[in-house]
Amino acid sequence: MRDDRPRLPGSPGFWRSPLRGPWFTSVLGVVLLAGVTVLFVTGLVSYAAYSPDLSPVNDQTPDKGLLGFYLFTWPTGPAWLYRLTQGVHVTLGITLVPVLLAKLWSVVPRLFALPPARSVTHALERISLLLLVGGGLFEFTTGVLNIQLQYVFPGSFYPLHFYGAWVFFAAFAAHAALKAPTALRALRRRPGLADDLVAPRPEPPTVTRRGALGLVGGGSLLLFVTTAGQSLGGPLRRTALLAPHGGADPGGGPNGFQINKTAGYAGITPADTHEDAWRLVVTGRTGTVRLSRAELLRLPQHSAALPIACVEGWSTADQWWRGVRLRDLAALVGHGGDPPDVFVESLQRHGAFRRAALRSGQTADPRSLLALYVNGEELSPDHGYPARIIVPAAPGVLNTKWVARLTFEDL
Ligand SMILES: Nc1nc2c(c(=O)[nH]1)N[C@H]1C(S)=C(S)[C@@H](COP(=O)(O)O)O[C@H]1N2
Ligand SMILES: [Mo]
């Protein structure tokens, strides 16, 4: 038989899949409507958790002013808060990838529709679709790259993903509002829709539309079960085949939980942390004190069971941390009562995350520690020996390792 298939994707007859149609597109659209909304909210929340307005360090996103209108003070409880919000953000984002791809596939004939613009409104709609599709692909790609490759764009990831999210979500909300009536009719299988999605000369079906949705759902489920384990504890973590495992095997024992950057990677040597060399420098209203690890151990010691929850979505179960309360250290330099914010600097000389600022609410919390021990043992070099910060409910990135200097002041 002669192949009389049109050669140009601009002709409707070029598209032959019998699966395309308003019902199929609408089902995927409804799933994305719910999913992307949750992604947007948990993403904005994650940005707030990072306290990006604490200058000079947490975030240098220029002119986020207007878009940062919603920023709020991230609480210190419940301790698993960021574990939950960021676990949902990352796991859901990965789970939705097949849905996003299927949705784009289902409407791809429209990308080539001719004429490119039938009217000014149609032209405007198509430009908004550019922001929608481009923004969506951009957000999913930057997000996945960031978690799989461990910060391919350190520093710049936050502004890229943050601005991208606003552009994408604005286009997404407009699109959802515009398409809601059509989608509702399609879902109720009302006739009379402009069916430009349906192939005029379809090939014989090899799978039903429901079957195709099942495949998409199966793909999502597979991604879900191979990702979610990274935010759970215990043996389930081993199911997280797709989750990044960092550069180092944490091994067993008290320090045997996930390591983000190792001491070797951060350039921390045993000479830097040797008890004769290392001093914690604490500065505040009344001046500066220097404390050896032995002196820190003579201060009142406190324990707290807290997880580490990374922006990449992985988290640990609660670990038992033991050390000196940040508010007790603040009191040593003249901030009795209500401690101010604190600027934390690591021994680490290069790379991201060697400095972070914490809010006064975080320094005041009795569970916020300069930890010296974990699970009954000295911190391992990779977990931040001689001392690290641990704060309840905060993103992992604020839990600075190999701390060298604390400066208490209102930032
Ligand atoms: N100095 C320093 N502290 C750091 C980091 C770093 O790269 N350098 N990484 C941060 C990040 S992003 C996370 S998630 C936690 C991870 O802590 P862990 O490696 O002990 O699990 O440490 C934080 N503290
Ligand atoms: Mo992290």
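About the cut-offs
- Residues numbered from 1 in each chain as written.
- Chains lettered and ligands numbered in written order.
- Predicted model: local features only at pLDDT ≥ 70, side-chain atom pairs only at ≥ 80, totals over all residues.
- Heavy atoms only, no water.
- Pairing = 2+ DSSP bridges.
- Helix = DSSP H or I, 4+ residues; strand = E, 2+ residues; numbered from the N terminus.
- Axes fitted to C-alpha atoms, helices over the stretch in contact; angles between N-to-C directions.
- Salt bridge = Lys/Arg side-chain N within 4 Å of Asp/Glu carboxyl O.
- Buried < 20%, exposed > 50% of the residue type's maximum accessible area, 1.4 Å probe, protein only.
- Domains from an automatic or database assignment.
- Buried area = accessible area lost by both parts, 1.4 Å probe.
- Polar contact = N/O pair within 3.5 Å; in protein donor to acceptor, adjacent residues only side chain to side chain.
- Nonpolar A, V, L, I, M, F, W, Y, C, P; charged D, E, K, R; others polar.
- 1 Å grid on protein atoms, 1.4 Å probe; cavity = no way out; pocket = protein on both sides within 12 Å on 5 of 7 lines; lining within 4 Å.
- Points joined across faces, edges and corners; volume = space filled by probe spheres on them.
- Phe/Tyr/Trp six-rings, centres within 6.5 Å; stacked < 30°, edge-to-face > 60°.
- Lys NZ or Arg CZ within 6 Å of the ring centre and 35° of its normal.

Novice: Which parts of the structure should I look at to understand the sheet that holds strand 6 (residues 355-358)?
Specialist: Neighbouring strands of a sheet are bound in pairs by backbone hydrogen bonds; such pairs are parallel or else antiparallel. Spatial strand order, 2-1-10-5-6: five strands in an open sheet with mixed pairing. Single-partner strands in this sheet number two, and they are strand 2 (287-291) and strand 6. Between one strand axis and the next, the sheet turns through 15° on average, direction left out of account. Of the strand pairs in this sheet, strand 1 (residues 280-284) and strand 10 (residues 403-408) are connected by three bridges, and their pairing is parallel. Among the inter-strand pairings, V282 is bridged to a residue of strand 10, identified as L406.

Novice: Can you walk me through the pattern of salt bridges in this structure?
Specialist: Once their charged atoms are close, side chains differing in charge can pair, the charge on each being opposite to the other. With the rule as written, the count across this model stands at seven salt bridges. In this structure, R110 engages D196 in a salt bridge whose closest nitrogen and oxygen atoms are separated by 2.7 Å. You can see R110 sitting in helix 3 (residues 97-111) and its partner D196 sitting in the loop between helix 5 (157-187) and helix 6 (209-225), a full 86 residues away along the chain. Relative accessible area serves as the criterion here: at 32%, R110 is assigned to the partly exposed category. One salt bridge in this structure joins R367 and D365, with 3.1 Å as the shortest N-O distance.

Novice: Even after reading the chapter, I still don't get the pairing of strand 5 (residues 342-346), so can you show me in this structure?
Specialist: Walk down a regular strand and you will see the side chains alternate between the two sheet faces. With four of five residues buried, strand 5 lies mostly within the body of the structure. Judged from the four bridges that link them, strand 5 and strand 6 form a sheet pairing that is antiparallel. In the sheet register, V342 faces strand 6, and the bridge partner there is L358. With five bridges joining them, strand 5 and strand 10 adopt antiparallel strand pairing. Within the sheet, the bridge partner assigned to S346 lies in strand 10 and is V403.

Novice: Quick question: what am I supposed to make of the domain arrangement of the protein here?
Specialist: How big an interface is tends to be stated in terms of accessible area lost as the parts join. In terms of domains, the protein is made up of domain 1 (22-239) and domain 2 (263-408). The straight-line distance from the C-alpha centre of domain 1 to that of domain 2 is 36 Å. Buried area between domain 1 and domain 2, summed over both chains or domains, comes out near 2600 Å², and the portion from carbon and sulfur atoms is 57%. In this assembly, domain 1 and domain 2 are joined by one salt bridge. Residue D53 is joined to R359 by a salt bridge in which the shortest nitrogen-to-oxygen separation is 2.9 Å. The interface formed by domain 1 and domain 2 contains 13 residue pairs in polar contact (both at pLDDT 80 or more). Counting residues per element, the side of domain 1 that touches domain 2 draws most heavily on helix 2 (residues 81-95), at six residues. Taken together, the residues of the side of domain 1 that touches domain 2 break down into 17 nonpolar, twelve polar and three charged.

Novice: What is the right way to look at empty space enclosed by the protein in this model?
Specialist: Over the atoms, a rolling probe the size of a water molecule traces out where space has been left empty. What the rule picks out here adds up to three cavities of 30 Å³ or more. As a volume, the largest cavity reaches approximately 550 Å³. Forming the walls of the largest cavity are 31 residues, and the residues nearest its centre are G43, H89, E139, F157 and H161. Only helix 1 (22-49), helix 2, helix 4 (120-148) and helix 5 provide two or more residues apiece to the lining of the largest cavity.

Novice: Before we go on, may I ask you to explain the packing of aromatic side chains in this structure?
Specialist: How two aromatic rings sit relative to each other is given by the distance of their centres and the angle of their planes. Summed over the entire model, instances satisfying the criterion amount to 16 aromatic pairs. Residues F157 and Y158 carry aromatic rings whose centres are separated by 5.7 Å and whose planes lie at 70° to one another, so their mutual orientation is edge-to-face. Through a chain of ring-to-ring contacts, the aromatic side chains of F40, F69, Y70, W166, F168, F169 and F172 assemble into a single cluster. Stacked on the ring of W23, the Lys or Arg R189 has its end atom at 4.4 Å from the ring centre. The lysine or arginine in question, R293, covers the ring of Y373, its NZ or CZ lying 5.4 Å from the ring centre.

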